[in-house]
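Overview (structure and organization)
The residues making up each chain are set out below.
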Amino acid sequence: MFGDLFEEDYSSVSNNHYGKGKKLKTKALEPPAPREFTNLSGIRNQGGTCYLNSLLQTLHFTPEFREALFSLGPEELGSLEDKDKPDAKVRIIPLQLQRLFAQLLLLDQDAASTTDLTDSFGWTSNEEMRQHDVQELNRILFSALETSLVGTSGHDLINRLYHGTIVNQIVCKECKNVSEKQEDFLDLTVAVKNVSGLEDALWNMYVEEEVFDCDNLYHCGTCDRLVKAAKSAKLRKLPPFLTVSLLRFNFDFVKCERYKETSCYTFPLRINLKPFCEQEGKSNLDVNLKDQKEEAIDDPLMILKAILLQEESNLIPVDQLGQKLLKKIGISWNKKYRKQYGPLRKFLQLHSQIFLLSSDESTVRLLKDYSLQAESDFQRNDQQVFKTLTSKSPGLNDRPSCPHWFDINDSKVQPIKEKAIEQQFQGKESAYMLFYRKSQLQRPPEARANPRYKVPCHLLNEMDAANIELQIKRAECDSTNNNFELHLHLGPHYRFFNGALHPVVSQTESVWDLTFDKRKTLGDLRQSIFQLLEFWEGDMVLSVAKFVPAGLHIYQTLDGDDLMLCEVDIADGEDIFVWNGVEVGGIQIPTGGDCEPLLLNVLSLTPSGEGGECQQLIESPRVFPSNAQLGTVFSALAIPEGVVVLISNTESIGEESWTTVPKEDLKKTFREQGLRNGSSILIQDSSSDNSLLTKQGKWITGVNDTDWLQVKNLCQLESEEEQVKVSATVNTVVFDIRIKAIKELKLMKELAENSCLRPIDRNGKLLCPVLDSYTLKEAGLKMGSSLGLCPGKAPTSSQLFLFFAVGSDVQPGTEMEIIVEETTSVRDCLKVMLEKSGLSGDTWHLRKMDWCYEAGEPLCEEDATLKELMISSGDALLLTEGKLPPLGFLKVPVWWYQPRIPSHPWKSRQDQASCTFSQGGDWRAASTQGAPSDGHAEGSLLFLGDVDISEDAALVELKSQAMTLPSFSEFCIPSPAFLRAWTVDSKRPGRLLRFHHQQLREYKLGRRTEICLEPLQKEENLGPQDMLLRTQMRLPGKRAYTLPMDMVWDTARGSTAGSLRQRVADFYSLPVEKTEIAKYFPEKFEWLPVSSWNQQITKRKKKKKQDNLQGAPYYLKDGDTIGVKNLLVEDDDDFSTVRDDIAREKQKQLALGKKSQEALHVQSSDVASGAETPARPRGPEASLSIHVGSFR
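These numbers were taken from a predicted model, which means no experiment stands behind them.

Attention now moves to the packing of aromatic side chains. By convention here, two paired aromatic rings are described through the distance between centres and the angle between planes. Applying the stated rule across the entire model yields 21 aromatic pairs. One aromatic cluster in this structure is built from F65, F101, F142, Y162 and F241. The residue whose ring lies beneath K520 is F516, and the NZ or CZ to ring-centre distance is 5.5 Å. One cation-aromatic arrangement involves K1125 over F1135; the distance from NZ or CZ to the ring centre is 4.3 Å.

Moving on: the pairing of strand 33 (residues 708-713). Across the six residues that make up strand 33, a large majority, five, are buried. With five bridges connecting them, strand 33 and strand 34 (residues 723-727) associate as antiparallel partners. If you follow L709 over to strand 34, its bridge partner there is V726. Pairing geometry for strand 33 and strand 36 (residues 786-791), over four bridges, is parallel. Paired with K712 across the strands is G788, a residue of strand 36.

One open sheet holds the four strands; their spatial order is 4-3-9-6, and the pairing between them is antiparallel. The open sheet has two edge strands with one neighbour each: strand 4 (178-185) and strand 6 (210-212). For this sheet the average axis-to-axis angle between neighbouring strands, irrespective of direction, equals 25°. Pairing geometry for strand 6 and strand 9 (residues 229-237), over three bridges, is antiparallel.

Attention now moves to unusual backbone geometry. Positive phi outside glycine occurs at N39, with the angle close to 60°. Tracing the sequence through the fold places N39 in the segment before strand 1 (42-43). In this structure, K454 takes a positive phi of about 60° despite not being glycine. Considering the arrangement of structural elements, one finds K454 in the loop between strand 18 (433-437) and helix 18 (457-482).

Cut-offs applied
All chains use their own residue numbering, which begins from 1 and follows the written sequence. Thresholds applied to this predicted model are a pLDDT of at least 70 for local features of residues and 80 or more for the giving and counting of side-chain atom pairs; totals over whole chains, interfaces and linings are not thresholded and use all residues. Hydrogen atoms and water are omitted, and side-chain values are computed over all heavy atoms in the structure. Pairing of aromatic rings covers Phe, Tyr and Trp, the last counted by its six-membered ring, and requires centre-to-centre distances within 6.5 Å; plane angles under 30 degrees mean stacked, over 60 mean edge-to-face, and any other angle means tilted. Whether a charge lies above a ring is judged from NZ of Lys or CZ of Arg, which has to be within 6 Å of the ring centre and within 35 degrees of the ring normal. Only protein chains enter the calculation, and the probe is 1.4 Å; a residue is then buried if its accessible area is under 20% of its type maximum, exposed if over 50%, and partly exposed in between. Working definition: helices are DSSP H or I runs of at least four residues, strands are E runs of at least two. Numbering for both runs from the N terminus. Note: two strands are recorded as paired if DSSP finds a minimum of 2 bridges between them. Only C-alpha atoms enter the line fits that serve as axes; for helices the fit covers just the stretch in contact. Angles between N-to-C directions range over 0 to 180 degrees.

Okay, here's the thing in structure tokens:
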């Protein structure tokens, strides 16, 4: 059961020895709960270790055992850190017991773990899940400890505390010769069967004598013959702690089975063992007696008072009083006191001031007045006889002398009364072991209510550090459990078109993620958003929004600022739209579920050839409010009267059941007609012969029959035909189509076992193979689609078909393909791709590739499976060179940014000599076209290198590490304070990172963020309300500007046009009324004049709403270029330059060229596709990455 529990090899303690065959112990997501009101710690059950927990708690509440173990230091036991060293002598079991006891004493958790201790036992999961005998465990554990402590000062720990002796005597009746044999014990084993309680069992074992007579005579060595004799056993030496094992289990020899004794078995909480001990000498006779004073034992008055005080009513029959006296002192009244004091009743009569006899002298009790006085004397004096065997709880504020009992059931610790203990063990509930503590043992005053008493310093430090860590984890867990993520959609960043809200720029810039405590109120949330946005003016309304296929739709406005967020039904990850409650971009917004926009497919037949002889099915997506009438389709599509409207509520064309809408039902709403997102509406001329439907309402596609699929031969085998049409329905199985195609293409039958069908998209790209067991409906294939018959088997349902490419410049059609199991780890998948690519080395990683062949977020968790990372068949991965940093670290590409600003002293050494950039091809222009002049604010970027840094590091540490890069040695920068950090967006500075000592984690940089460093003339300390702008003065009479200059604008009092104009006028020492400013948009090569808007009055409150340059249409931010014009010398409205005109003209030409190329491509694809059904237009996609914490 215990494996190699005793065989600790101190010469080599191998880690392989511990934990063989152990089950995987997962790490808990939440920290353990703190201790409850009892301030005591339980022990967690590993599955079947309740017996172990009971014994460990008993040893823990034996302070002499615990402190003796604590007294053994690392110089004797070794250190757990050295247990894996081959030459270290580490006594693991005592060390683990020390740590466990320290945790039970000091660690603020409701239950400790015994995993490390059982590991030191060499137990496997089988032992941890199986019940064992606690008595056997006690003996084996003591033996293991003795073996572990050999050669230390604690070698006699077990013997010193638990060792006792029993003497067995046989007395000859003839010559009185005594033959004795002494036995050692660590625990007393007593019978349970046919015994009412512990005292009866001890009486039978150590008081009653076995007589040898008649046919059972004893051979006396002295008499040298068979004689009568008496055999008895006595306790000769009692240990400080007496362990009693109750034989609860017996064997039925009739049934040949083991059974448990469940009869009532009593045991006292305080016991006098003198009657069971050897009476010679002043040996240690009584576990529960203090230092026995003979005068106290010889005083019958004290003994009788103590017995009567133990009775609840202080009343007892005189006969029972004699019996209790015998039990208490081990000798009867007549033998001890009769000669001196007379009979018991006479003694009671003589002390009538203390005892009151009844009229018939059958019962006796203490006088009431005396009992109150005697009670305090009893508590003071009689403790010399009886003592409670319990521990004091440091967490309970009772009197120091008040004993407390606790019921410790694994992790659960509860106080319990003495009466409850007696009731608990009156029936089937059984005690297995009893531990009695010697009453002479006294705890020093400094140990009382002091759990740190005699705990070694290294364990104190370890527990203190663990408690601090627990507090931090509990705070983090509390924050995690009570915080939720909200996605704030800012109204000025959205526009309303096509029936829904859409971001003006991009989804990333329009959504702010906010972590908030759901126990706070809606008013707190509103205030936090005010402080977060800073630039918001006027009313702020918060509404719950949701994404629908048409876009973002507002459903419900949040009211009641006094309500907590958990009461207003805001879920984790909720989308909150922040707006004025009326309009967005000047358009009034419909809200609520009734007007939810529906994205519908509108189909109609349109002539596609000369004379209209051939018709083509046109499918176009349209958005309608769900509460609009169905007849609004005519006005929206400009369709004349006299057409038939048919609807279908299924999403794909191949299996619809169409329903004709009567004219009177055209006034019903889309929702009343049962239409939902993805439903189809068919517009058909009622007079046309080319009906698209049969009379049964089933789709047959009219003139152009599309109840077929086109299969192309891509097996590189000669065939009479390159492609064939295979008839099919939506319920046709892919396997049947493949077999038909092989037959009609007249290919070898062997291909039936080693081929697959792969869809071909409109660009001719082969997509993921389709499983043979799928129907066309399950595979999502439309009638008229093109499939390729390719060699190789299709992946199974548990496999993934993946595309992958190497490098960063990936062209469509150059991807490679692999099939892997979905349980494959990222690391193994990377190896397979490297082998197929013919590459080697460990400096590669995988990234997910989006639809436009751009690299997404890296797959950081190399041990995670593809399924866990939600990689599905058809996904494209990118093999990228470079080793990923460890979890919690960032690999940040760092650039040197040299703006074209005058008087920059920190130039490169070569620049200081020549005053020109001499790095050649190493310099990359961030923006070359459309700059206002040679002095435009945009500068150049030079790549310095990559910096590996922790997310917990501060921004100043990132700057310091960047200064150590070899490429940085070309620049003379005195300290990181002379560097300004930006993120790099579209090859130009993006977001300003302004706080030197803020952690990188708080900036939320992401793994693809690049940083550029800009040199400064002096140290800079920007506040949270300061905005850094590049200002350029326009040269009078020329369409050009001076070199840009940095200007800091304090927006604390508002980011209005008037405030900015005043700041610019002060900066250039111009009169404010003669100063005109404009913001430059480098992407469009346009200047937008900043003028004071007409002040608007909101409908809700008669309050003037000021302009805000941080909102639409300016979206002013750090690093923006501001053009300045002095109206005293130039009063025209033009801010543009000649380079702007040239760049805009190039943009127009590029746009026209793209449109003509797209038109040619569409025409060629129409000719090539022939009768193919036009594919549904595909909406824009974005790279999606989900960071999942890995819980392995």
